[in-house]
Amino acid sequence: MTKRDYYEVLEITKTASGEEIKKAYRKMAIKYHPDKNPGDKAAEEKFKEAAEAYEVLSDDNKRSRYDQFGHAGVSGAAGGGGFGGGMNMEDIFSQFGDIFGGGFGGGGQRQQQSRGSNLRIRIKLNLEEMINGTQKTVKVKKMKLAAGVTSKTCPTCKGSGVQVKIMNTMFGQMQTQTTCGTCHGVGKVADKIPAGANAQGLIKEEEEITINIPAGARDGIQLNVRGKGNDAPLGGTPGDLLVVVEEEADKLIKREGDNLHQELYVSFAEAALGTTKEINVVGGKVKIKVDEGTQSGKILRLAGKGLPNIEGYGGKGDMFVHINVWTPQKLTKEQKDFFQNQIDKGEMTAEPTGKEKTFFDKVKDLFN
Ligand SMILES: [Zn+2]
């Protein structure tokens, strides 16, 4: 699916002001809010699309990159943090605090609390790392509570963390208790702020984070590293680091859903006499037996040696080993004489019995 233009999504012009963007998004969010459109997938997609457009266009930095480079300019690079593939509902609802003053939450009784925002990065893994799991250390730029920051009671809410507001909603005027906009529910605000930190006492710093990738990871899955996102101001819970796995093409092993395929080359002599070979599978290596007289193109199926089902249904894919018999390309005089002798005597000739599986039979077998 091609991504729609963010301005088009919010139905605004390229010169829209920050206030106009906010207003347009508010309109879309109310129209497509899941509470108003229960079970409507199309509405949910529009809701997410609008949130993504708002996330980019409401940020001057991201907006100017988007204006210059389009979608490519804002799809997050590893370590850059922030914006990656789509947003999840939790991200969207946490963004609502800014838009609706915290009152118009999402998903029913969603508790608005002070929480750092999530960071999203991408990480490239080769198939072997995805199969066997691995550990990666990445450098992430994130907002951290600056050393030496002190706090005082929030002057707006006097420490309660909430404010009573009159809001004009689509249901008419409503009195709502909302999270305090000054302290975001913490009840405290920064007092002494060290140089370089922002008004909330947060400072941008690089941190090395080690990520454990479980065996059986998959292209596009998102791992959630709890508490490794941006810090929340003054005592809130830090956000999470969301790690999106990207698959790097592998020379030998190809993935097809949960199944894996690999090519195995055996020599002419090995195919004739039979042999055992060690190959990579999920969880390590296994030895497989290549029978005496194996034909090129034979496919061995190792049941359950593919990728574990990532949705956790307990199933496992299979590993298919495609055997290729390597015909010798350089022969010594002695070897040539041997083979010539076989031909002259009418030995080692091709003798298909008609029971050999054709290419199409093999493909059919794979699906049985
Ligand atoms: Zn407050």
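Our subject in this report is the structure included herewith. Here the structure is a predicted model, which means the values were calculated and not measured. (Residues numbered from 1 in each chain as written. Predicted model: local features only at pLDDT ≥ 70, side-chain atom pairs only at ≥ 80, totals over all residues. Heavy atoms only, no water.)

### Here we look at the overall build of the protein
Each helix and strand in the protein was counted, giving nine helices and 15 strands. Counting the 368 residues in the protein, one finds 35% classified as buried. Total accessible area computed for the protein in this model is approximately 21600 Å², and 50% of it derives from carbon and sulfur atoms. (Helix = DSSP H or I, 4+ residues; strand = E, 2+ residues; numbered from the N terminus. Buried < 20%, exposed > 50% of the residue type's maximum accessible area, 1.4 Å probe, protein only. Areas by Shrake-Rupley, 256 points an atom, 1.4 Å probe, with all protein chains shown as cover.)

### Let's talk about the coordination of the zinc ion
Surrounding the zinc ion are the protein donor atoms Cys154 (SG), Cys157 (SG), Cys180 (SG) and Cys183 (SG), which sit 2.2 to 2.3 Å from the metal. The coordination sphere of the zinc ion comprises four donor atoms, whose angles at the metal cover 102 to 114°; the geometry is tetrahedral. Each donor residue of the zinc ion belongs to the same chain, with the gaps between them written as C-x2-C-x22-C-x2-C. In this pair, Cys154 sits in the loop between β3 (151–153) and β4 (162–169) while Cys180 sits in the loop between β5 (172–179) and β6 (188–190), placing the two residues 26 residues apart along the sequence. By relative accessible area, Cys154 is classed as buried at 1%. Overall, the relative accessible area of 1% leaves Cys180 in the buried class. (Donors = N, O, S within 2.8 Å, 3.2 Å for Na, K, Ca; no water. Tetrahedral: all angles 85-135°; square planar, octahedral: opposite > 155°, others 65-115°.)

### Describing the pairing of strand β10 (residues 253–256)
Relative to strand β11 (residues 259–267), β10 runs antiparallel, the two sharing four bridges. Bridge pairing in β11 places Glu256 opposite Asn259. Between β10 and β11, which pair antiparallel in sequence order, lie two residues; one of them, Gly257, sits at a positive phi of approximately 65°. (Pairing = 2+ DSSP bridges.)

### Let's talk about the sheet that holds strand β1 (residues 119–126)
Read from one edge to the other, the open sheet built from three strands follows the order β1-β9-β8, with strand pairing classed as mixed. In the strand order of this sheet, the two ends are held by β1 and β8 (222–225), each with one partner. Mean inter-strand twist for the sheet, computed between neighbouring axes without regard to direction, equals 30°. Judged from the four bridges that link them, β8 and strand β9 (residues 241–248) form a sheet pairing that is antiparallel. Among the inter-strand pairings, Gln222 is bridged to a residue of β9, identified as Val244. (Axes fitted to C-alpha atoms, helices over the stretch in contact; angles between N-to-C directions.)

### A short note on unusual backbone geometry
A positive phi angle, near 55°, is found at Glu11, a position not held by glycine. Tracing the sequence through the fold places Glu11 in the loop between α1 (6–9) and α2 (18–32). Positioned with a positive phi, Lys158 is a non-glycine residue whose angle comes to about 55°. Locating Lys158 in the fold gives a position in the loop between β3 and β4.

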